[in-house]
Amino acid sequence: MSIIKLHDKYFKSYISEQQIDAAIQSIVKQVYEDCKDETPIFIGILNGCFMFVADFVRKYPGKCEVSFVKLSSYEGTNSTGKIKQLVGINENLENRTVVILEDIIDTGNTLQEIYEIFKDKKLKHLKIATLFFKPDVFKKELHIDYIGIPIPDKFIVGYGLDYDGIGRNFAEIYQLTTPTTMKNIVLFGPPGAGKGTQADLLKEKYNLMHISTGDVFRYNIKNETALGLLAKSYMDNGDLVPDEITIDMLKAEVEKNNDANGFIFDGFPRTESQAAALDAFLEEKGEAINGMVALEVSEDLLVQRLLERGKTSGRSDDQDESKIRNRFNEYNTKTAILKDYYQAQNKYFGVNGVGAINDITKRLSDVFDKL
Ligand code: AMP
């Protein structure tokens, strides 16, 4: 999902080009079915409708005429309900079938105005087609013949629709959103440092989503998914799973939880290219990493801890000292440098990871509170 900023407001992607295209195709089909024996006049209501009309008439398979009227009733993000101007139609519409093409109908004030204007023009038929429709705010008894996509009462831009003049040129629809200032924390440390244990406690305390890439891989291996099969041989040896696989998986996990208050990333990033990919990915969303919080524990202590854990955790990579040493080798050669990566952004916070679980949680919380 991408976030854009227009003037002072943020908008998130909402309706894709493909969805718009399919909706228009469906309206075209219905209109053609009703009008194929005549030459309808399609009248667009400017400005917002220009893209819709252009795409609509290009798809329309029959004979037709195209014209526009201009009624402006919008200022900012709220419908003022006041129609301010009208540029009329010069065609003789008597006994013709007119199909009004609207980009969006919300309160129905504009639609009412349209009905008023065309009432005394002696049309054969007046039909209304709208690409978007807000059923929750539509207050009128007026009939709408063709509806593309019903949407909730949220302000939208793109595909001809603007926010204070801009945004009309986007090919897809964006929806007004409040910028979520997430708390995104990388919980860092060598294998066995206690990241998983602490993340479980901290996610509750701070209402964050905990993503452990190791857990996701283990889940996939257990369920014998394609991803699991890919990752298994690397994990069994204590090697890192290749970056592309891991990065794609991480992005998918984040996307699944877009509504979260923020994330605790545990076991990710583990290479500089993963860190850069994470930064770029979050930036696209208007988000960022608040900090890397690192559990600092010496390697010798950890090897002992992991061997202990291996007796009960069922993790094959915890049971063999040479595999454990290889995980530290991977950590020292590829992962440890991430300290520099985050330090360069003033985002590295080291915490003593030796002691009782509660004491360590307290030390981590002191840092979390500041981020
Ligand atoms: P963990 O549970 O974090 O100790 O991860 C266990 C294993 O999963 C690692 O030894 C790697 O094989 C794999 N893995 C987990 N996270 C990553 C990552 N970010 N990049 C590459 N491999 C990973």
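This text goes with the structure placed above it.
Predicted model only: the values in this text are computed from it and were never measured.

**Q** Help me understand helix H8 (residues 272–284), please; the structure alone is not making it clear to me.
**A** Given 3.6 residues per turn, any residue in an α-helix points the same way as the ones three and four places further on. Over its 13 residues, H8 runs 19 Å from end to end, which matches the ideal 18 Å to within 8%, given 1.5 Å per residue. By the burial criterion, the buried members of H8 are Gln274, Ala275, Ala277, Leu278, Asp279, Phe281 and Leu282. Positioned one or two residues after H8, Gly286 has a phi angle of 75°, which is positive.

**Q** Mind showing me how you'd approach helix H10 (residues 321–335) here?
**A** Between its first and last C-alpha, H10 extends 20 Å over 15 residues, near the 21 Å set by a 1.5 Å rise per residue. Along H10, the residues that are buried comprise Ile324, Arg327, Phe328, Glu330, Tyr331 and Thr335. Viewed end-on, H10 has its buried residues packed into an arc of 155°, placing them on one side of the element. In this structure, the buried residues of H10 make contact with strand S13 (183–188), helix H9 (299–313) and helix H11 (338–343). One side-chain oxygen at the N-terminal end of H10 lies 2.8 Å from the backbone nitrogen of Ser322; it belongs to Asp320.

**Q** How should the packing of aromatic side chains be read in this particular structure?
**A** What characterises a pair of aromatic rings is the spacing of the ring centres plus the angle enclosed by the ring planes. In the structure shown here, the tally under the stated rule is 14 aromatic pairs. Plain terms: the ring middles of Phe42 and Phe56 are 5.0 Å apart, the flat faces sit at 80° to each other, and that makes the pair edge-to-face. Of this pair, Phe42 sits in strand S3 (residues 41–46) while Phe56 sits in helix H2 (residues 50–59); the two residues are 14 residues apart in sequence, bridging distant segments of the chain. We note that Phe42, like Phe56, is buried. Plain terms: the ring middles of Phe56 and Tyr60 are 6.1 Å apart, the flat faces sit at 15° to each other, and that makes the pair stacked. Linked through ring pairs, Tyr32, Phe42, Phe52, Phe56 and Tyr60 together constitute an aromatic cluster.

**Q** Got a minute to help me understand the pattern of salt bridges in this structure?
**A** Pairing between side chains of opposite charge can happen when their charged atoms approach one another. Across all of its chains, the model carries 24 salt bridges by this definition. Here Lys36 makes a salt bridge to Glu33, at a shortest N to O gap of 3.0 Å. As a salt-bridge pair, Arg327 and Asp317 come within 3.8 Å of each other at their nearest N and O atoms. Of this pair, Arg327 sits in helix H10 while Asp317 sits in the loop between H9 and H10; the two residues are ten residues apart in sequence, bridging distant segments of the chain. Residue classification places Asp317 among the buried positions, given a relative accessible area of 9%. Among the charged side chains, a network of salt bridges with common partners joins Arg309, Arg315, Asp317, Asp318 and Arg327.

Cut-off values and rules
Residues numbered from 1 in each chain as written. Predicted model: local features only at pLDDT ≥ 70, side-chain atom pairs only at ≥ 80, totals over all residues. Heavy atoms only, no water. Helix = DSSP H or I, 4+ residues; strand = E, 2+ residues; numbered from the N terminus. Expected span 1.5 Å × (residues − 1). Buried < 20%, exposed > 50% of the residue type's maximum accessible area, 1.4 Å probe, protein only. Arc of directions from axis to C-beta. Contact = heavy atoms within 4.5 Å. Polar contact = N/O pair within 3.5 Å; in protein donor to acceptor, adjacent residues only side chain to side chain. Phe/Tyr/Trp six-rings, centres within 6.5 Å; stacked < 30°, edge-to-face > 60°. Salt bridge = Lys/Arg side-chain N within 4 Å of Asp/Glu carboxyl O.

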